[in-house]
Amino acid sequence: MSVDLAPTTRPHSDPPRPQGGGKSARAITPTGRLSDLFWRRPALLVLLMLVPPALWLGIVYLGSLFALLLQSFFSIDEFSGLINYQPTLSTYAQLLTPANLDIIVRTVAMSALVTLAAAVISFPIAYVAARYATGRWKAVFYLGVMLPLWSSYLVKVYAWKLLLAKEGILSWLFDQLRIGFLLDWWLALPVIGGSSLSVSYTGTFLVFTYIWLPYMILPVQAALERVPGNLVDASSDLGAAPRQTFRHVILPLALPGVVAGSIFTFSLTLGDYIIPSIIGSSRLFIGQMVYQQQGLAGNLPLAAAFTVVPIVIMGLYLWGARRLGAFNAL
Amino acid sequence: MRSEGRAPLPLIIAAGAGLMFLLLPLLLIFVYAFTTEERSYVWPPPGLTLNWFAVTAQRPDVWRALLLSVQVAAVSTAIALVLGTLCAAAVSGTKFFGRETISLLVILPIALPGVITGISLRSAMSLFELPFSFWTIVLGHATFCIVVVYNNAVARFRRTSGSLVEASMDLGADGFQTFRYVILPNLGTALLAGGMLAFALSFDEVIVTTFTAGQQQTLPLWMLEELIRPHQRPVTNVVAIVVVLVTFVPILFAYSVTRRGEEIAGGGR
C-alpha cells in the first residue's frame, strides 16, 4: 500500500460526511459507510475477522498449552507433595529412569507396529478402490471406510471388547474351526500373550490398528488416484511386467500417501490412553502415564514432561515426513 | 488412475478381507443389543429380546447424559461455526503475514494428541480456579470443532470464484448485502456439512471431556465408565446403538449435502 495522505485513506479521522458528499450515494447509511470502509481498507476487515478466532485459540488453547509446558520445568517436592516453583530440569531427568523409559519405548514400539500393520492392510483396499472400483462398488468402498472412521470411538472399542472377550466371538470362531489350540498357543507366548486376548498386547495392537486404519486408507487412496494413467501405460509399453510397473512406478508415487497416513496412525497411537486402559495388559502407555500423574498422583510437572515426549517425537516425524513430500498427499 | 479389466484375485481377496475387518465389528454392536444374556459377552447370543430398549428408556442417568451431550454439542457447534467461518474467510480472502501460522493454529488442537489438549485445559482451569461446569466442557469442545468447520469453509471459499463477489459489487450491492445474498448462500451447504461433522465430533468426544467435565457425565463418559467397570452390560449395548445412530445420521446427511452442493457448482473436481 502506498503512503497517501488523501483523506479517503484515513477514514477513521473523517468527520461524518454530508449526504452525497462521498463518491457513492450508498454511503449515507451507516452499514453502507462501514462497507465502504472495509472496501478501502481490506486489511481492517481481515483483522476484524481474525480477532475472535485468534483470541479464542490463542488464549484458550495456546495459553493453556504454554501453561502446561511451563509446569514441566517445575518439580514436585518429595515430602510435601506440593509443586516447587523453582525452574529445574530434574523433572525431565525423571523421564530417563528405567521405568519411565520403558513406557516411552513401549508406546513408540506400539505406534510403529500399528503404523506398519495399517499400511499393509490399507494398501490393497486403497488400491482396489482407486484403480478398479466403479459405480456401486466405489460407493461401497467409500462407505466402508467412512462409516468406521466416523462412528463413535468408544463404540468401536466396545465392539472389540465383545470380540476379544474370553467367551467372545473370536474364541468361539477359533473353536468352531477346530483351531482353538492356535489361539492358546499364541496366548501362551511371553510378552504378546496373556490370559485372554482382551488383556494382552495383541488385543491392544488389534484395536489400535482397527481404529486408526481409515486414517491410513484415505491418504493412500488419494495418492493412488493421482498416479497418472499414462505413466502406467508408458511403463508397460517400455516392456515392464505388471509387477515391475507396480514396484518401480506405482509404489514410489504412492509412498507420500503412506507417509501422510502414518502421521495420523503414529500420532494417534502415541497419545491415546483409553484403548490401552480398556483392552490390554496393565502395563502403561504414555497417555495413561500423563493421565495418572495429573490425576491420582497429582504430579503435574511429571505429567507435563511426559506430554512433551509425543510433541517432540511428532515434531521430528513431521520434519522427516515433510522432506519426503508427504504434505502434498494430505 | 484407473486401469482396465479385472483386479487380480489375491488383490480382491485382500481388499475384501480388509473391508470385512472394517465393517463386521460395527454390525456386531447391533446384534448384542438384542441378546438375552446379561452377565457376559457370550457368543452366539442365547436368545433375542427387545426388552433392553425399554429398560434403557427408563434410566434417568442415561437420559441426563444424553441431554448434556446434545446441549454441549449444539453450543460448541454454534461457537465453532462462527469462529471457523470467520477464520476461513480471513485466510482465504487475502494473503497476509502469518497466514500459515493461523491455519496451523486452527489445526493444532486435533493434530496434537487429545490427552495434551485435555490436560492443558485442565491445568489452565485449575490455575484460574475455574470450577467445572457446562461451559468448561464447551470450552474444550469448541476448540477442536473449529477446525472441522474451518476445513469445510476454506474448501468452499477456494471454489467460489471472486468474480461473483465483484459482479455483486458492480451491481450496486454493498459489502453486507454481498455477504447476505451472494457469499452466504454459496457457503450454506459447506457450513451445514461442517456443522454436522462438528456436532458428531463433539457428541462423540471422550478424551478431552474426561479432563474438563469434573463430575458431570456426557454420554461418552457414561459409556467409558461402563467399559472400565461393567455392571449393566445390556443397557450399555443399547446406548452404544443410540450413539452410533446419533453420529451416523448427521454424517450421512453431511455427505449427501456436500455432494449435491458440488453437483450444483458444476461438478467441481
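Note that the structure is a prediction, hence the values are computed from the model and not measured.

Basis of the calculations
Residues numbered from 1 in each chain as written. Chains lettered and ligands numbered in written order. Predicted model: local features only at pLDDT ≥ 70, side-chain atom pairs only at ≥ 80, totals over all residues. Helix = DSSP H or I, 4+ residues; strand = E, 2+ residues; numbered from the N terminus. Buried ≥ 20, exposed ≤ 12 C-beta atoms within 10 Å, placed from the backbone. Contact = placed C-beta atoms within 7 Å. Axes fitted to C-alpha atoms, helices over the stretch in contact; angles between N-to-C directions. Parallel < 35°, antiparallel > 145°, perpendicular 65-115°, else oblique. Nonpolar A, V, L, I, M, F, W, Y, C, P; charged D, E, K, R; others polar. Expected span 1.5 Å × (residues − 1). pLDDT = per-residue confidence, 0-100. Left-handed = near helix turned anticlockwise from the far one by under 90°.

Some points on the overall build of chain B
(1) Moving on: Counting its regular elements, chain B contains 11 helices and zero strands.
(2) Moving on: With respect to the principal axes defined by its C-alpha atoms, chain B has extents near 70 × 65 × 30 Å.
(3) Moving on: For chain B, the proportion of its 269 residues judged to be buried stands at 42%.
(4) Moving on: Of all intrachain contacts in chain B linking residues separated by at least 6 positions in sequence, the fraction that spans at least 24 positions is 77%.

A word on the overall build of chain A
(1) Moving on: The helix and strand tally for chain A stands at 14 helices and two strands.
(2) Moving on: Classification of the 330 residues of chain A by burial places 41% in the buried group.
(3) Moving on: Counted over contacts in chain A with a minimum sequence separation of 6, partners at least 24 positions apart contribute 70%.

Concerning the packing of helix α6 (residues 153-164) of chain A against helix α1 (residues 9-32) of chain B
(1) Moving on: The contact between α6(A) and α1(B) brings their axes to 9 Å, and the two run at 75°. It follows from the interaxial angle that α6(A) and α1(B) lie roughly perpendicular. Listed contacts from α1(B) to A:Val155, A:Lys156, A:Ala159, A:Trp160, A:Leu162 and A:Leu163 of α6(A) are B:Pro25, B:Leu26, B:Leu28, B:Ile29 and B:Tyr32.
(2) Moving on: A class-by-class count of the residues in the contact of α6(A) with α1(B) yields 10 nonpolar, no polar and one charged.

What about the interface of chain B and chain A?
(1) Moving on: Counting residues at the interface gives 67 residues for chain B, matched by 77 residues for chain A.
(2) Moving on: Looking at the side of chain B that touches chain A, the elements with two or more residues in it are α1, α3 (60-93), α4 (99-111), α5 (114-127), α6 (134-159), α8 (175-204), α10 (219-228) and α11 (233-264) of chain B.
(3) Moving on: No other element matches α1(B), which puts 14 residues into the side of chain B that touches chain A.
(4) Moving on: Here the residues of the side of chain B that touches chain A sort into 52 nonpolar, 11 polar and four charged.

Describing unusual backbone geometry
(1) Moving on: Phi at A:Arg178 takes a positive value of approximately 60°, unusual for a residue other than glycine.
(2) Moving on: Mapping A:Arg178 onto the fold places it in the loop between α7 (169-176) and α8 (180-188).
(3) Moving on: On the basis of neighbour count, A:Arg178 is assigned to the exposed category, with 8 C-beta atoms found within 10 Å.
(4) Moving on: Positive phi is not limited to glycine here, since B:Glu129 has a value of about 50°.
(5) Moving on: Structurally, the position occupied by B:Glu129 is in the loop between α5 and α6.

Quick notes on helix α9 (residues 201-225) of chain A
(1) Moving on: If you check α9(A), its first and last C-alpha atoms are 35 Å apart, about what 25 residues at 1.5 Å a residue would give, namely 36 Å.
(2) Moving on: Counting buried positions along α9(A) gives 22 out of 25 residues, so the element sits mostly inside the fold.

Quick notes on the environment of B:Val149
All names here are of chain B.
(1) Moving on: Relative to the helices and strands, Val149 is located in helix α6.
(2) Moving on: Here the alpha-carbon distance between Val149 and Leu192, two residues 43 residues apart in the chain, equals 8.9 Å.
(3) Moving on: When sequence neighbours within four positions are dropped, the list of residues in contact with Val149 reads Ala80, Leu81, Gly84, Thr85, Leu191, Gly194, Gly195 and Ala198.

Focus on the confidence of the model for chain B
All names here are of chain B.
(1) Moving on: On average, residues of chain B score 81 in pLDDT, and 92% of them are at 70 or above.
(2) Moving on: Mean pLDDT per element in chain B: α11 is the minimum at 73, and α3 is the maximum at 90.
(3) Moving on: For residues 261-269, every residue scores under 50 in pLDDT, and the model assigns this stretch six contacts once sequence neighbours within four places are set aside.
(4) Moving on: With a pTM of 0.81, the predicted complex shows an ipTM of 0.79.

Things to note about the confidence of the model for chain A
Residues and elements named next belong to chain A.
(1) Moving on: Per-chain confidence: chain A averages 82 in pLDDT, with 90% of residues scoring 70 or above.
(2) Moving on: Least confident of the elements in chain A is helix α1 (residues 30-40), whose mean pLDDT is 77; most confident is helix α4 (residues 98-131), at 93.
(3) Moving on: Residue range residues 1-24 is modelled with pLDDT below 50. Its contacts to residues more than four positions away, or to other chains, number 10 contacts.

Re the packing of α6(A) against α9(A)
Residues and elements named next belong to chain A.
(1) Moving on: Running from N to C, α6 and α9 point in directions that differ by 140°, and their axes come no closer than 10 Å. The orientation of α6 with respect to α9, classified from their angle, is oblique. Of the two possible hands of crossing, α6 and α9 adopt the one that is right-handed. Note on element contacts: α9 touches α6 through Gly203, Leu206, Val207, Tyr210 and Ile211, opposite Tyr153, Lys156, Val157, Trp160 and Leu164.

Description of the environment of A:Pro214
All names here are of chain A.
(1) Moving on: Mapped onto the fold, Pro214 is located in helix α9.
(2) Moving on: Residues Pro214 and Glu167 lie 47 residues apart in sequence; the distance between their C-alpha atoms is 28 Å.
(3) Moving on: Apart from residues no more than four positions distant in its own chain, Pro214 is found in contact with Val145, Pro148 and Leu149.

Looking at the environment of A:Thr88
All names here are of chain A.
(1) Moving on: Relative to the helices and strands, Thr88 is located in the loop between β2 (83-84) and α3 (90-94).
(2) Moving on: With 13 C-beta atoms counted inside 10 Å, the residue Thr88 sits in the partly exposed group.
(3) Moving on: Separated by 14 residues in the primary sequence, Thr88 and Phe74 have C-alpha atoms spaced 5.8 Å apart.
(4) Moving on: Among residues more than four places away in sequence, those in contact with Thr88 are Phe73 and Ser75.

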